[in-house]
Each structure stands twice: as C-alpha cells, then as structure tokens.
Amino acid sequence: MSDEKFKGATAQEQMIEAARRNNLDLFKSIENQYGEKPEEFIKLLNTATDATGDSALHLCCKYGCYSVMDEIIDLDGVNLDIKAPVTGDTPLHYAVNYSFSEPEYALFLIQQLIEVGADPSIRNKEGLKPLDIIGGSNDKIRKVLESAEYAKAAEHIGEIVQDVDDEDNDDDSVENNNYK
C-alpha cells in the first residue's frame, strides 16, 4: 500500500463532507487551497461526488445545508442542474424531496436555487419534474415551481422570437441592398 492512502482525505472527499455536514469552514479551507486556480475549484465542485454519484450541491439540498449551498451557488460556472447518475435528479429535485420533512426550509432552498438559474423543467429518469414530485402536497412550493416553469418557458419563447426577429432583420437588409 502506498503512503498516500494514509495522508488524509482527498479534496473531493473533503468537498463532499463539507456539503453533507454543512461545514462552511471546511468548504472555505478547500476553496482557499485553490486560491489562484478558481477554475480548478469549480471543476472540483462540478465533479466531486459521493459513492452514489451525488454532487456537493445535491447533498446540500438533500440535507438542507444552506450555508455551504449558498457559497456554491454564488460561484460562476457551477452546474446548478447536475444530474445524479442513479436517478437523474437535479439538486432542485432533491430540495423538493427535502420539503416532505422540512417544508418551510425547503421552500427557501428551492427559491434560492431558482433565483440563481436552476431549471425547474428538467425531468429525472422517471420522467418527473420537481413540480411532479411535489404534486398537491405543498401549495407554496407548487406555486413557486409553476411560476419558475412559466418564466423559463417564457424566456425560451422570447429567445426564439428574438432569433426570428434577427433573421428577419438580416433578410430585410439583404432585400434593401438589392433595391438600391
């Protein structure tokens, strides 16, 4: 056996532990180790998983660990919609599942995830969106998810309309040049 096995936990293992235990000090100490290499820290966040494939953000949502979650979602480049390999659940799916034990706190987590751009329309491997999971069990969470889905759909439609408008403007300028 190599001596490295006994040197302590890897950065990935520490990241998962920080997320699972809401250990902000540990999270910050890992982040500080990557001080001059923030892109490597983001890569660690996006790739670090536990034995079941859950990311640090999944674990924050699963256990209601807001302090670490808040730090994670404030970082540019973090994958907010990372899917758990076994279930296909995103962190938002996990936060909705957490609502069955801690509804008010989960509502806060869900609102924070949506505010920073988590996609409420993603389906897991069972074909369920977060809204499907909550069903009629919590009206507040259901309304937040419905509003977020509506906003996401409206944003997508707006992008399509803008693309069509841009194409029309390109066609108009070509036509105008032909008539000069």
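The model shown is predicted, which means the values in this text are computed figures rather than measured ones.

A short note on unusual backbone geometry
Then, in step 1: The backbone phi angle of N22 is positive, close to 55°, even though this residue is not glycine.
Then, in step 2: Its place among the elements puts N22 in the loop between α1 (11–21) and α2 (24–33).

Examining empty space enclosed by the protein
Then, in step 1: Using the criterion set out here, one finds 1 cavity of 30 Å³ or more in the structure.
Then, in step 2: As for the largest cavity, its lining consists of L45, N46, S55, L57, I72, V78, N79 and I82.
Then, in step 3: A class-by-class count of the residues in the lining of the largest cavity yields 5 nonpolar, 3 polar and no charged.

So, the packing of aromatic side chains
Then, in step 1: By the definition in use, this model includes 5 aromatic pairs.
Then, in step 2: Here Y98 and Y105 contribute two aromatic rings whose centre-to-centre distance is 6.3 Å and whose plane-to-plane angle is 70°, an arrangement assigned as edge-to-face.
Then, in step 3: Given a relative accessible area of 32%, Y105 falls into the partly exposed group.
Then, in step 4: A network of ring pairs unites the aromatic residues Y66, Y98, Y105 and F108 as a single cluster.

Re the side chain of D50
Then, in step 1: With respect to the secondary-structure elements, D50 resides in the loop between α3 (38–47) and α4 (56–63).
Then, in step 2: The class of D50 is buried, set by a relative accessible area of 15%.
Then, in step 3: Side chain to side chain, D50 and T52 meet in a polar contact 2.8 Å long.
Then, in step 4: Reaching out from D50, the side chain makes a polar contact with the backbone nitrogen of D54 at a distance of 2.9 Å.
Then, in step 5: Among residues more than four places away in sequence, those in contact with D50 are I16, R20 and L59.

Some details on the side chain of S55
Then, in step 1: Within the fold, S55 resides in the loop between α3 and α4.
Then, in step 2: At a separation of 2.8 Å, a polar atom in the side chain of S55 contacts the side chain of H58.
Then, in step 3: With sequence-adjacent residues up to four places away left out, S55 is seen in contact with I16, A48, T49 and I82.

Rules of the game
Residues numbered from 1 in each chain as written. Predicted model: local features only at pLDDT ≥ 70, side-chain atom pairs only at ≥ 80, totals over all residues. Heavy atoms only, no water. Helix = DSSP H or I, 4+ residues; strand = E, 2+ residues; numbered from the N terminus. 1 Å grid on protein atoms, 1.4 Å probe; cavity = no way out; pocket = protein on both sides within 12 Å on 5 of 7 lines; lining within 4 Å. Points joined across faces, edges and corners; volume = space filled by probe spheres on them. Nonpolar A, V, L, I, M, F, W, Y, C, P; charged D, E, K, R; others polar. Phe/Tyr/Trp six-rings, centres within 6.5 Å; stacked < 30°, edge-to-face > 60°. Buried < 20%, exposed > 50% of the residue type's maximum accessible area, 1.4 Å probe, protein only. Polar contact = N/O pair within 3.5 Å; in protein donor to acceptor, adjacent residues only side chain to side chain. Contact = heavy atoms within 4.5 Å.

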